[in-house]
Amino acid sequence: MDTPDSGGMTPLGRKTAETGINFTSTTRFSRGLTFIRTHTLFGQSPTRRIIPQTSLLQENVDPQKIAFLLRKQWTLYSVTPMYKFSYGNLKEYSRLLSAFVAAEKQKGLAVEVGNDLGIKVTLSTLLGLKGTDQDQVAVLVQIASRSQLPFENAENKVVWSGWFCCISGDDLLESVPEDFTCLSLFLANGAESYTAIVGSWFQKTFDCYFSRLTISPLNLAWMAAMWTGCKVDSHMAATELVFSVPCIPQSLDISYAIHSEDAKALWDTVQKTPGEVTQEEVNLFMDCLYSHFHRHFKIHLSATRLVKVSTSIASAHCDGNIKILHSKHLIGVLTLLTELAISQIQ
Amino acid sequence: MSLVRPFDKLPTLNSAAILLVGTDESQQQQLAEAILKEKKNFKINIHVATSLPLPAERDHIRPRIDLIAFMINMQSKHSLRNVEASLSHMDANFFLGKVCFLITGVGRMNHCSVEMNAVRKLGNLYCSPVLFCELDSEGIRVATAQRLLRMLQICAGHMPGVSALFFSSLMKSSIDE
């Protein structure tokens, strides 16, 4: 709008231009922590995201360990930086954590002295899960229990696993002081009780804080758009979006499934620059899907809430559950989740 | 199809009219009731619509609209699109302080489908105040009703020396300092 001539409106005219500059400069979060704190207003999501081209191709990657991470339902947590965590003491930490888990599990139970619950915790590093060289090495925590029966072989069965990682988080965490290790994303699979025990041990030992990472419908829409655009060589599962309609007495769930070739074709017409996704493109993509649905069913999906996105690459639920299906896009998915975790901490 | 115009009708003595535009009818009802409960010394007409343009048939009985409040629910992108479509059916003279945006639903960040940038851009583009209110909560609804009533008094010209054009000072944000 043109600025009117009256004196009261001229400052507004100037402010509009400044606000325009503000929007583009906050996209590439390349400043330190303090800058983010003053300028990240609640709910502000970046207007542009770069799709990372890095993949896992590093020499010391253990394909078995990476395969272990795929095709499992992980619950997401965001972790504040840990104080005085050292990679050299992983064995020591395993020992302490085993004792802690055993003690917690035995609380309130009358157990004979000397009875071994058979719980063993191992902490190990996951090499290769890095976006840039400044990223901290990912750490895997596993709880294995030995079977109690004497006849069976004393095999350790993994009952719970969790891993910490931080992919390409250095942009956002530049000004973190020396003794702190930033492993901002924590993924857990297994019983909730074990997650609580391990979480409380880490919180007590390293003075950090775990909080559940929930994904807003806005970010789910970003994921739907970014993951539809990724090329998958093997069998492509259908892209499915689940919407929740707030209804009394029970909420209604609408599931909208699209052939992945069609979804990819639509995304290819929307995306202008390969390797980069903007907010307008995501909005346009979702609006196309909504208007198609409206034309057939006369339901405005834009008035509902997106709760789950499943594509051939990964599936994400708004409660903070994720399942990654392809190792090629593991780093890309983790980069986005790290960004969400870090913005939640801040 | 009638274009809503701010100055094409004569004002009625000691009364003012406000128009609430939004997709959520129950929220509009609740806000209207809260406004009516407030103590005031002039007659108030509250008109409620889901979208503009208003139907042409009742145009002659409609009083002059002094303030239009657009209600946007952050949890529903549909409400934003509806408001954007309605904004094109208004006379430009309305944007001299007689329009405001009421944004609800920001409290639950995890349920937001509309990005904050879009709402801020809307406020800047149309030079109108953007008020964030959680209309689900009783206290905030009463406070919003009081604010709207005060704005309505100014827009209807009941306050000598204060004009609707002063609302642009409401839009200075401390973040941009």
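Residues numbered from 1 in each chain as written. Chains lettered and ligands numbered in written order. Predicted model: local features only at pLDDT ≥ 70, side-chain atom pairs only at ≥ 80, totals over all residues. Heavy atoms only, no water.

Draft legend 1. Region of the structure containing the sheet that holds strand 2 (residues 43-49) of chain B. Residues and elements named next belong to chain B. The strand order across the open sheet formed by 5 strands is 2-1-3-4-5, and the pairing between neighbours is parallel. If you trace the sheet from one side to the other, it starts and ends with strand 2 and strand 5 (130-132), each paired once. The mean angle between the axes of side-by-side strands here comes to 25 degrees, regardless of whether they run parallel or antiparallel. Across 7 bridges, the pairing between strand 1 (residues 15-21) and strand 2 is parallel. By the bridge assignment, I18 is partnered in strand 2 with I46. The sheet strands contacting helix 1 (residues 25-37) are strand 1, strand 2, strand 3 (67-73) and strand 4 (99-104), and the helix crosses strand 2 at an angle near 175 degrees. Contacts from helix 3 (residues 116-125) reach strand 3, strand 4 and strand 5, with the element oriented near 140 degrees to strand 5. (Pairing = 2+ DSSP bridges. Helix = DSSP H or I, 4+ residues; strand = E, 2+ residues; numbered from the N terminus. Axes fitted to C-alpha atoms, helices over the stretch in contact; angles between N-to-C directions. Contact = heavy atoms within 4.5 Å.)

Draft legend 2. Up close: the domain arrangement of chain A. Here chain A is described as being made up of domain 1 (63-212) and domain 2 (215-318). Averaged C-alpha coordinates put domain 1 of chain A and domain 2 of chain A at centres separated by 33 Å. (Domains from an automatic or database assignment.)

Draft legend 3. Here's a closer look at the side chain of S86 of chain B. Tracing the sequence through the fold places S86 of chain B in helix 2 (residues 77-87). Discounting residues that sit within four places of it in the chain, S86 of chain B has contacts with V21, S51, L52 and F70 of chain B.

Draft legend 4. Broad picture of helix 5 (residues 192-206) of chain A. Residues and elements named next belong to chain A. Look at helix 5: 21 Å from first C-alpha to last across 15 residues, which is about the 21 Å you get at 1.5 Å a residue. Within helix 5, burial applies to Y194, T195, I197, V198, G199, W201, F202 and F206. In the segment just after helix 5, D207 is the residue with positive phi, at about 55 degrees. (Expected span 1.5 Å × (residues − 1). Buried < 20%, exposed > 50% of the residue type's maximum accessible area, 1.4 Å probe, protein only.)

Draft legend 5. Spotlight on the pattern of salt bridges. Per the counting criterion, the structure on display carries 11 salt bridges over all chains. Between R81 of chain B and D287 of chain A there is a salt bridge whose closest N-O contact spans 3.0 Å. Of this pair, R81 of chain B sits in helix 2 while D287 of chain A sits in helix 8 (residues 279-297), each in a different chain. Look at D287 of chain A and you get partly exposed, because its relative accessible area is 24%. Between R64 of chain B and D66 of chain B there is a salt bridge; the shortest N-O distance is 3.1 Å. Exposure class is identical for R64 of chain B and D66 of chain B. Each is buried. (Salt bridge = Lys/Arg side-chain N within 4 Å of Asp/Glu carboxyl O.)

Draft legend 6. Quick peek at empty space enclosed by the protein. Taken as a whole and assessed by the stated rule, the structure comprises 6 cavities of 30 Å³ or more. P217, A221 and Y290 of chain A together with K77 and S113 of chain B are the residues nearest the centre of the largest cavity, which is lined by 16 residues in total. Of all the secondary structure elements, the ones that give two or more residues to the lining of the largest cavity are helix 6 (217-228) and helix 8 of chain A. Tallying contributions element by element places helix 8 of chain A first for the lining of the largest cavity, with 5 residues. Taken together, the residues of the lining of the largest cavity break down into 10 nonpolar, 5 polar and 1 charged. (1 Å grid on protein atoms, 1.4 Å probe; cavity = no way out; pocket = protein on both sides within 12 Å on 5 of 7 lines; lining within 4 Å. Points joined across faces, edges and corners; volume = space filled by probe spheres on them. Nonpolar A, V, L, I, M, F, W, Y, C, P; charged D, E, K, R; others polar.)

Draft legend 7. Geometry of unusual backbone geometry. The omega torsion of the bond from L52 of chain B to P53 of chain B falls at 5 degrees, within 30 degrees of zero and hence cis. Mapped onto the secondary structure, P53 of chain B falls in the loop between strand 2 and strand 3. Positioned with a positive phi, D207 of chain A is a non-glycine residue whose angle comes to about 55 degrees. By the element assignment, D207 of chain A lies in the loop between helix 5 and strand 9 (210-212). For D207 of chain A, a relative accessible area of 59% puts it in the exposed group.

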